[in-house]
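Residue strings, one per chain:
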Amino acid sequence: MAKLVVEVLDASNLMPKDGHGSASPFVEVEFEEQHHRTSTKHKDLNPYWDEKLVFNIKNPKDLPNKAIDVQVYNDSKQGHKNFLGKVRISGMFVPHSEQESMGQRYPLEKRGPFSHVKGDIALKIYTAHGGGGDRFEEVLNHDAGNVEDHHHHHHPKHKESAPPPLKEINTDEFFYKESHDRSKKKNREKEVRTFYSIPGGGGGPPPPPAERPPVFEKRGDFAKAGGAPAATVMQMQFPGQKPEYGVVETRPPLAARMGYWGRDKTASTYDLVEQMNFLYISVVKAKDLPVMDISGSLDPYVEVKVGNYKGVTKHLEKNQSPVWNAVFAFSKETLQSNLIEVTVKDKDFVKDDFVGKVVFDVAEVPQRVPPDSPLAPQWYKLANKNGEKRPDHGEIMLAVWMGTQADESFPEAWHSDAHNVSQHSLASTRSKVYFSPKLYYLRVHIMAAQDLVPSDRGRMPDPYVKVQHGHQIRATRPSSMKHINPEWNEELMFVASEPFDEYIFISVEDRVGPGKDENIGVVIIPVREVPQRIETSKLPEPRWHALQKPSKAEEEGEKKKEVKFASRILLRVCIDAAYHVLDESTHFSSDLQPSSKHLRKPCIGILEVGILSARNLLPMKGKDNRLTDAYCVAKYGNKWVRTRTLLDTLHPRWNEQYTWEVHDPCTVITIGVFDNCHINGKDDARDQRIGKVRIRLSTLETERIYTHSYPLLVLAPSGLRKHGELHLALRFTCTAWMNMMAQYSRPLLPKMHYVQPISVRHIDWLRHQAMQIVAARLIRAEPPLRREVVEYMLDVDYHMFSLRRSKANFFRIMSLLSGISYVYRWFDGICYWKNPLTTILVHVLFLILVCYPELILPTIFLYLFVIGLWNYRLRSRVPPHMDARLSQAENTHSDELDEEFDTFPTSRPSDIVRMRYDRLKSVAGRVQTVIGDLATQGERALSILGWRDPRATAIFIIFSLIWAVFLYVTPFQVVAVLIGLYILRHPRFRSKLPSVPVNFFKRLPARSDSLL
């Protein structure tokens, strides 16, 4: 006989129901009028059962139509039970064998609208068929014994499954998939959430379930020390999307979420990250050091040693009172010794000499809690190798304390995980905060020139103006007439940045012949002398500038001579500070404020981001027998942050928290992960992309903490690759509700963009120039933020053609039109009486609205209100992420990717370019046909009254006259009822032929027959 096995594994985060902040839960399972229950776990909100409940299946073929009801109760002392939650599982999703089943976590649901329920339960459900009677009796006996044993002994809360030998242990991630079972039967099943378990990846294919059952980890064990951190997670899977490309919800032990019950309150400093403890040793300076060399000199340096980790300061030549000001940080989790040895040594050619040392006990080190002031360093006498302290050994000033990553010494400290990095490369591993330069639009309005003197006075000049600002060069069109007093009246736009220490070079060129130009005169204007324009209507007055002859260098390095003459040019030059300079695409911009600080609005909130960790990264340096040196870069507004680089690990844990001011909720934060390729001093190397995440702030609820693991997806010429997962914690706090609500009524960009708009063609060019300026400025910082990092974060090549993006945009449009198509099909079903009851109700509603037309608008808005409330329960629970399915990146052809990553201009062979050109022609041909059809319909509509077809126009105007008289003498309600009843008429009164208006419209002439 077929059996149904329900393994009740554990539950977590249950609702306390005993009045003392706890509960004594047990589980009841019901299937086909059979009831079984587990043992009671006293005073445990995170119980662990691991018990099997076995049920008989009367008819296995009818299992998909059955349901398994799981109820969780609190066993009170008064003899009654309190409801803690329930789960209803459809038999459709029950695996047919134990090998196919996996551990699944189910969120507990309410019994009614007033139930107070939270937490989830882990179950493993499967069926077995035939020949297993004895086996199931053994299972029942075993479970009965377990129940008795549970009443007398406490079951351990954590179980460890021994992994197979010589196999890498992968962390299991648990996620769930929402699936809606829509049946046409009247008794529909409730929404069923199906849960799966997938391997964490990074270690090859997982072993079969029979060899390695899924391991359930407690949520408090997330990201412990060691290899891959584990967490209890839930992943929402959407239809058609691969599970590994989804966003995973996690539950890390954050101070902001867990509170302070039974915990150290010092964790509140960084409440969106996990607290990491470090041993800090600050080596300040030394004095009265003894001379060790025969020459009477001393080249001292300090060696700090804790266990096997050793940090060294720079050596200072010939200095008996050196000053180092170096800070060393050792992770408390990796401390291998209870002693701290601070040794002063003398740098020598053969062997460094011992000067003195100081030894500390780790247990005696004080704990510093920010925001306390820094610990004051103290003088310590140096001891010899035997521990004897003498006055002639000198003294050293040190400060030793225990702190966290919130310590102000953390960013600049030498970390124990970078013990094998040279001093030169150490700076490139530290965390930093950068700010983009403040950008402005520079407007040069070239109006006219007077008294131009060409080199050949016997002909009229053909002048044009060339303007250069930094590396930006633009030119006007040649003057409409060849004359010594030409006019252009043309505006050129540039991007300028603070400080305004550059110049504007304006030169008038004479086009002598093809490819040959001669300079007539030059004007040099310092940018700092250009006035700023803030008001939208007021423009600075134009000015005449004298043109100077270009300097000509004489032979043998003689001095340059300048010849002045009467030629001049009329210019209006100003800095437009009322615009916002776009350095990223408007679709995912992180800042929309104007350049002028006088026009900026106050902030409306604060965005806090905790960069926790990454997991299952791919080894980016496999060729060098190394793993990955990963660091994160986050960009929002003009503020960039960079985490420290964690060396040679596939599971880095940063736990760094950053804060931004928010001025507009309709903005996007971008977080990227990169592999640091400059650890070994390779300045010409390029940091490799690991992936990035974009999150729109308007999709976040205020005051809610989002902890999710995001897939790091990178599109390469070989296809879509997942490089790992990035674990983030986010919180958007609103500080001005009224201002935030008012933002939705204001334009997205500053006022100047709409009063005096910039053309799209110029916007793209200016955006590219702004990106170049930002990249050039950040690469000069220390440590530099490399150009490839800035370009990847700003999507510098987003405007380039991509067939994949074109397909994605096409399917986006089709998904929008599918809504209109759905409404049309619904209305068509009403007209053809596919559901008579619905059609009758629509008739009644139509007659009511015709009789009471004042109810039309209230009905529409009430309908929108109800639909909005209905969709609230279906709202997304996870922040938006990079959607591989929406981007058409999962099944893209390799040639399309090769074309997308091709350079501009192309570097591919001519036969490949010809093939792609032919493919583009075929695609463009279909687009051309669609555009032609749209133009045809529009021209037909215009020709109704255009008398292109005199008979059709005469018919239409006579028909219009008749309808005008009829509508004048007939009440509007009667006309509306007649038209509505005609449209909703029964299919018996319908014809399969097109209607008369459609036939009339299709016979109207268009201009397609006039095309060549």
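Everything below is about the structure printed above this text.
Keep in mind that this is a model prediction, so the values were computed, not measured. (Residues numbered from 1 in each chain as written. Predicted model: local features only at pLDDT ≥ 70, side-chain atom pairs only at ≥ 80, totals over all residues. Heavy atoms only, no water.)

Visitor: Can you lay out the overall build of the protein for me, pointing to particular residues and giving the numbers?
Guide: Scanning the protein for helices and strands turns up 15 helices and 39 strands. Looking at the protein as a whole, 45% of its 1012 residues qualify as buried. Once local pairs closer than 6 in sequence are excluded, the contacts in the protein between residues at least 24 apart make up 70%. Accessible surface, the protein: about 55,800 Å² in total, of which carbon and sulfur atoms supply 56%. (Helix = DSSP H or I, 4+ residues; strand = E, 2+ residues; numbered from the N terminus. Buried < 20%, exposed > 50% of the residue type's maximum accessible area, 1.4 Å probe, protein only. Contact = heavy atoms within 4.5 Å. Areas by Shrake-Rupley, 256 points an atom, 1.4 Å probe, with all protein chains shown as cover.)

Visitor: Can you tell me about the nonpolar core, naming the residues and giving the values?
Guide: With 37 residues, the main nonpolar core has W654, W660, I669 and L726 as its most contacted residues. Broken down by secondary-structure element, the contributors of at least two residues to this core are strand 32 (605–615), strand 33 (630–636), strand 35 (653–662), strand 36 (668–675), strand 37 (688–696), strand 38 (705–716) and strand 39 (719–734). If one sorts the elements of this core by residue count, strand 39 sits on top with five residues. (Core = buried A, V, L, I, M, F, W, Y, C linked by side-chain atoms within 4.5 Å.)

Visitor: Quick one: what's the story with the sheet that holds strand 37, residue by residue and with numbers?
Guide: Taken together, the five strands give an open sheet; going across it, the order is 22-34-33-36-37, and neighbouring strands pair in antiparallel fashion. Either end of the sheet is taken by a strand with one partner, and the two such strands are strand 22 (432–435) and strand 37. On average, each strand axis in the sheet is inclined to that of its neighbour by 15°, with strand direction left out of account. Where strand 22 and strand 34 (residues 639–642) come together, four bridges link them in antiparallel fashion. Within the sheet, the bridge partner assigned to V433 lies in strand 34 and is V641. (Pairing = 2+ DSSP bridges. Axes fitted to C-alpha atoms, helices over the stretch in contact; angles between N-to-C directions.)

Visitor: Describe the pairing of strand 18 (residues 353–361), naming the residues involved and giving the relevant values.
Guide: Pairing of strand 17 (residues 339–346) with strand 18, which is carried by eight bridges, proceeds in the antiparallel orientation. Bridged to V342 within strand 18 is V358. Counting the residues between successive antiparallel strands, the hairpin from strand 17 to strand 18 contains six residues.

Visitor: Which residues make up the side chain of D346, and what are the values?
Guide: Assignment of secondary structure puts D346 in strand 17. K347 provides the closest opposite charge to the buried, salt-bridge-free D346, at an N-O distance of 9.6 Å. Polar side-chain contacts of D346 include one of 2.8 Å to the backbone nitrogen of D299. With near-sequence residues (within four places) excluded, D346 lies in contact with M292, D293, L298, D299, P300, Y301, D352, D353 and V355. (Lys, Arg positive; Asp, Glu negative; His and termini not counted. Salt bridge = Lys/Arg side-chain N within 4 Å of Asp/Glu carboxyl O. Polar contact = N/O pair within 3.5 Å; in protein donor to acceptor, adjacent residues only side chain to side chain.)

Visitor: Could you give an account of helix 8 (residues 803–831), with specific residues and numbers?
Guide: Under the 1.5 Å per step criterion, the end-to-end length of helix 8 is 41 Å for 29 residues, consistent within 8% with the ideal 42 Å. For helix 8, the complete set of buried residues consists of L803, R804, A808, G829, I830 and C831. In this structure, the buried residues of helix 8 make contact with strand 38, helix 9 (836–851), helix 11 (894–900), helix 12 (910–942) and helix 14 (972–983). Positive phi appears at W833, one or two residues downstream of helix 8, with a value of about 55°. (Expected span 1.5 Å × (residues − 1).)

Visitor: Which residues make up the packing of aromatic side chains, and what values go with them?
Guide: Taken as a whole and assessed by the stated rule, the structure comprises 17 aromatic pairs. For the ring pair W963 and F966, a centre distance of 5.6 Å and an interplane angle of 85° mean the geometry is edge-to-face. Within this pair, W963 and its partner F966 are both found in helix 13 (residues 950–969), separated by three residues, close to a single helical turn. The structure contains a cluster of three or more aromatic residues connected by ring pairs, namely F278, Y280, W401 and F410. Just above the ring of F26 sits the side chain of R37; from NZ or CZ to the centre is 3.9 Å. When the ring centre of W379 is taken as origin, the NZ or CZ atom of K287, which lies over that ring, is 4.4 Å away. (Phe/Tyr/Trp six-rings, centres within 6.5 Å; stacked < 30°, edge-to-face > 60°. Lys NZ or Arg CZ within 6 Å of the ring centre and 35° of its normal.)

Visitor: I'd like a description of the packing of helix 6 (residues 760–778) against helix 7 (residues 787–794), backed by residues and values.
Guide: Packing of helix 6 against helix 7 brings their axes to within 9 Å, and their N-to-C directions diverge by 140°. For the element pair helix 6 and helix 7, the recorded crossing hand is right-handed. For the pair helix 6 and helix 7, contact is made by R767, M771, Q772, V774, A775, A776 and L778 and by R787, V790, E791 and L794, respectively. (Left-handed = near helix turned anticlockwise from the far one by under 90°.)

Visitor: Requested: an account of the pairing of strand 38, with residues and values cited.
Guide: In terms of burial, strand 38 is largely enclosed, as 12 of its 12 residues are buried. Here strand 12 (residues 248–249) pairs with strand 38 via two bridges, running antiparallel. Residue pairing in the sheet places V248 in a bridge with S709 of strand 38. Where strand 38 and strand 39 come together, 11 bridges link them in antiparallel fashion. Bridge pairing links T707 to A729 in strand 39.

Visitor: Give a detailed account of unusual backbone geometry, specifying residues and quantitative values.
Guide: A negative phi angle characterises most non-glycine residues, just as the trans form characterises most peptide bonds. A cis amide bond, omega -5°, links E498 with the succeeding residue P499. Positionally, P499 belongs in the loop between strand 26 (487–497) and strand 27 (503–513). Omega for the bond connecting E782 with P783 falls within 30 degrees of zero, at 0°, which places this linkage in the cis form. Positionally, P783 belongs in the loop between helix 6 and helix 7. You will see that E703, though not glycine, has its phi angle at about 70°, which is positive. Along the chain, the position of E703 falls in the loop between strand 37 and strand 38.

Visitor: Which residues make up the sheet that holds strand 14 (residues 300–306), and what values go with them?
Guide: The strand order 15-14-17-18 describes an open sheet built from four strands, whose pairing is antiparallel. The open sheet terminates on both sides in strands that have one partner only, identified here as strand 15 (309–312) and strand 18. In this sheet, neighbouring strand axes are inclined to one another by 20° on average, regardless of whether the strands run parallel or antiparallel. When strand 14 meets strand 17, the two strands line up antiparallel, connected through six bridges. Residue pairing in the sheet places V302 in a bridge with V344 of strand 17.

Visitor: Let's hear about the pattern of salt bridges: which residues, and what values?
Guide: Under the defined criterion, the tally for this structure stands at 42 salt bridges. One salt bridge connects E896 with K807, and the closest N-O pair in it is separated by 2.8 Å. Of this pair, E896 sits in helix 11 while K807 sits in helix 8; the two residues are 89 residues apart in sequence, bridging distant segments of the chain. We classify E896 as buried; its relative accessible area is 9%. Measuring nitrogen to oxygen at the nearest pair gives 3.3 Å for the salt bridge that ties D895 to R916. Within this pair, whereas D895 is found in helix 11, its partner R916 is found in helix 12, the two being separated by 21 residues in sequence. For D895, a relative accessible area of 15% corresponds to the buried category. Judged by relative accessible area, which is 6%, R916 ranks as buried. Overlapping salt bridges, with partners in common, bring together D895, D898, E899, D902, R908, R916 and R919 in one network.

So yeah, pure geometry; function would need other evidence.
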